[in-house]
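# Chains, contacts and geometry: an overview
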Amino acid sequence: MKIVVLTGAGISAESGVPTFRDSDGLWEGHNVEDVATPEAYDARPSFVQKFYDERRAFLSKVEPNPAHVALGRLSELLGSDLTLVTQNIDDLHERGGAHDVVHMHGELLSALCRACTGRTPWHKELSDFPPCPRCGVSELRPDVVWFGEIPYEMGRIQAALMRADLFVSVGTSGAVYPAAGFVQMAKACGAKTLELNLVPSDGTAFFDEARHGLAGELVPAWVDEVIA
Ligand code: APR
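Note that this is a predicted model, so its numbers are computed, not measured.

### Quick look at the sheet that holds strand β3 (residues 102-103)
Ordered by their spatial adjacency, six strands build an open sheet running β3-β2-β1-β7-β8-β9, and the pairing between neighbours is parallel. Strand pairing shows two members of the sheet lacking a second neighbour, β3 and β9 (209-212), which therefore form its edges. Each of β1 (3-7) and β2 (82-86) touches helix α6 (residues 66-78); the most contacted strand, β2, lies at about 145° to it. Packing against the sheet, helix α8 (residues 154-163) makes contact with β1, β2, β3 and β7 (166-170), and its axis sits at approximately 130° to β2.

Here you go:
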């Protein structure tokens with residue numbers, strides 16, 4: 001069975017990573033336009049770098065939760081029959097044991113050079129504007145996809161959705177496209193669809209089945225069903 005799993009901020013909530021649109025979410029305390037657009041970076045690069053430096057440093061304080069670990073187990077068992085696509089920029093899927101995770105919105109632990117377009121694994125700060133290890137120019141920015149930019153690996157994701165038998169969405173509000181449209185694409189191509197989320201998402205009506213509760217409980221239970 002070929003499965004595509006899409007995850008969002010809700011899967012990392014029980015690890016202590018803030019979501020975006022919940023009452024205590026990141027977008028409650030920050031304006032998207034101030035920190036998550038190319039225009040914001042052009043206007044205030046140090047401010048934007050510091051915002052992502054803090055979030056990068058915060059990763060060392062959080063651990064994968066049972067939902068990440070369950071998907072790691074599924075990844076180990078299914079290999080290339082599982083395509084795990086995340087909108088998250090944390091590394092909790094990898095630390096939970098998942099292989100070949102598609103980070104469609106980029107990664108905190110990567111730097112993107114605006115001069116040579118190279119992507120380099122990055123664990124330190126960027127607000128001191130270090131030189132790119134590839135080309136030497138000091139034009140490294142967070143390797144995250146901002147509003148108005150094109151997500152990574154859309155071709156690979158689309159191909160996986162087209163051949164999927166099952167599409168599962170975990171911990172995402174269904175508010176941001178193109179990810180919010182994956183359920184309809186998968187369904188149109190013949191996949192069964194399942195939502196696992198704390199509350200009904202914006203797209204909950206598009207799913208064949210929806211289960212509502214904590215990802216740390218719902219995801220391990222679902223993985224147990226798949227591998228039984
Ligand atoms: N278990 C399951 N779901 C949860 C949990 C939990 N413990 N906690 C919260 N949720 C759900 C919320 O109910 C909400 O529906 O996770 C969802 C999180 O939604 P958002 O905060 O909108 O996050 P996400 O869907 O990942 O946002 C998409 O928006 O700003 C951009 O680039 C950012 O990748 C992000 C994109």
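### Observations concerning the site of the ligand
Taken together, 23 residues lie around the ligand, and F20, R21, W27, T172 and S173 are the ones closest in. One of the backbone N or O atoms of F20 is found 2.7 Å from an oxygen atom in the ligand. One nitrogen or oxygen atom from the side chain of H105 is found 2.9 Å from an oxygen atom belonging to the ligand. In isolation the ligand has 730 Å² of accessible area, and contact with the protein removes 94% of it. Residue composition of the shell around the ligand, grouped by class: ten nonpolar, ten polar and three charged. Taken domain by domain, the shell around the ligand gets at least three of its residues from each of domain 1 (1-17 + 64-105 + 151-228) and domain 2 (20-61 + 106-144).

### Some words on the sheet that holds strand β5 (residues 119-121)
Each strand in a sheet pairs with its neighbour through backbone hydrogen bonds, running either in the same direction (parallel) or in the opposite one (antiparallel). Taken in spatial order, the three strands make up an open sheet running β5-β4-β6, and their pairing is antiparallel. The open sheet has two free edges, formed respectively by β5 and β6 (140-144), since each of these has just one partner strand. Across this sheet, the average inter-strand angle for adjacent strands is 45°, counted without regard to direction. Summarising the sheet, strand β4 (residues 106-113) and β6 pair through five bridges and their orientation is antiparallel. Looking across to β6, one finds that G106 is bridged to V144. Its contacts with the sheet put helix α5 (residues 45-58) on β4 and β6, and the angle it makes with β6 is roughly 55°.

Cut-offs applied
- Residues numbered from 1 in each chain as written.
- Predicted model: local features only at pLDDT ≥ 70, side-chain atom pairs only at ≥ 80, totals over all residues.
- Heavy atoms only, no water.
- Pairing = 2+ DSSP bridges.
- Helix = DSSP H or I, 4+ residues; strand = E, 2+ residues; numbered from the N terminus.
- Contact = heavy atoms within 4.5 Å.
- Axes fitted to C-alpha atoms, helices over the stretch in contact; angles between N-to-C directions.
- Near = heavy atom within 4 Å.
- Polar contact = N/O pair within 3.5 Å; in protein donor to acceptor, adjacent residues only side chain to side chain.
- Areas by Shrake-Rupley, 256 points an atom, 1.4 Å probe, with all protein chains shown as cover.
- Nonpolar A, V, L, I, M, F, W, Y, C, P; charged D, E, K, R; others polar.
- Domains from an automatic or database assignment.

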